[in-house]
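# What the coordinates show
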Amino acid sequence: NRCVSEANGDVVVFTDTESMMDKYSIRNLVRNFVDDKVGAVSGEVVYDNKNDDFLIKGEVLYSKWQNIVLNLSGKIKTLACVNNEFYAVRKEIYEEIKETGIPDYISIPISILKKKYSVIYDPLAIVYKENDLNIKQNYEAKVQKSIADLQSIKYLWNLIKSFRLITFIQIVSFNVLLNIIGVIFLLIFIMNMFVLVDSVSVLMLAFQVIFYFAGLIRVSYVAFYFLFVNAVSLSAAARLIVKGIRYAKK
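Quick caveat: nothing in here was measured; it's all calculated off a predicted structure.

Cut-off values and rules
- Residues numbered from 1 in each chain as written.
- Predicted model: local features only at pLDDT ≥ 70, side-chain atom pairs only at ≥ 80, totals over all residues.
- Heavy atoms only, no water.
- Axes fitted to C-alpha atoms, helices over the stretch in contact; angles between N-to-C directions.
- Helix = DSSP H or I, 4+ residues; strand = E, 2+ residues; numbered from the N terminus.
- Parallel < 35°, antiparallel > 145°, perpendicular 65-115°, else oblique.
- Left-handed = near helix turned anticlockwise from the far one by under 90°.
- Contact = heavy atoms within 4.5 Å.
- Nonpolar A, V, L, I, M, F, W, Y, C, P; charged D, E, K, R; others polar.
- Core = buried A, V, L, I, M, F, W, Y, C linked by side-chain atoms within 4.5 Å.
- Buried < 20%, exposed > 50% of the residue type's maximum accessible area, 1.4 Å probe, protein only.

What follows is about the packing of helix H5 (residues 135-150) against helix H10 (residues 221-249). For the pair H5 and H10, the least separation of the axes is 9 Å and the interaxial angle reads 55 degrees. The angle between the axes of H5 and H10 places the two elements in the oblique class. For the pair H5 and H10, the crossing hand works out as right-handed. On H10, the residues touching Ile-135, Asn-138, Tyr-139, Glu-140, Lys-142, Val-143, Gln-144, Ser-146, Ile-147 and Leu-150 of H5 are Phe-224, Tyr-225, Phe-228, Ala-231, Val-232, Ser-235, Ala-236, Arg-239 and Leu-240. Per-class residue counts for the contact of H5 with H10 are 12 nonpolar, 4 polar and 3 charged.

As a further point, take the nonpolar core. Core analysis: the biggest nonpolar cluster contains 28 residues, and Val-89, Ile-106, Ile-112, Val-119, Tyr-155 and Ile-171 have the highest contact counts within it. Looking at this core, the elements with two or more residues in it are strand E4 (86-90), helix H4 (104-114), strand E5 (118-129), helix H6 (156-161) and helix H7 (165-176). Per element, the largest residue contribution to this core is 6 residues, and it comes from H4. Those residues in contact with Ile-171, other than ones at most four positions away along the chain, are Ala-80, Ile-110, Ser-152, Tyr-155, Leu-156, Leu-159 and Val-176.

Dropping the structure here:
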């Protein structure tokens, strides 16, 4: 907040210390502000690790899918979440970030959309990043991010009241459902165990057992990363529930 207030330019670019950009990255990002209706622009993150670690391969696959989703959302100019590693905001409409527990890469685009400005995505504004190979540290960072993303639920009622249904759908699908995917698949697995009524349900359960086992013994990086993401989701949900119970007791 303090840095933005002291900045002199019309556009403020946010990045982090772990992201590397080439000489065209900022130019490609800020060129979009030629359109007066654009309030913020998200760049694209490309993981640049040079190894075949299962965690990294999973991260690369996931980031490609995430960039596709963000790119498609950006085409309708109502991006409800930006890549926090690289994004830009029109300074005159920047709204001071308050201590709500909701991360800036969600709160800033939401505040801009409320002011009837567009939030878009530019796949040519690229930053390169190496992912953390330490599974424990990577896991904990993702749990904290998942908890922060889930707290964007606070926006949903106001979005319904203001008829921002597209933004509502984006937050529910990308910030909420994606971060409780572990809970969803755990329920599916348990329900499948109790509904073995025909060959299809038996085959579905067998497929799940084989797939999860392949992840545990690291036969498939897709299965391994799927398990990893589900574990993050379950841990985040559990911590939020415990936090809620403690808050209720107070």
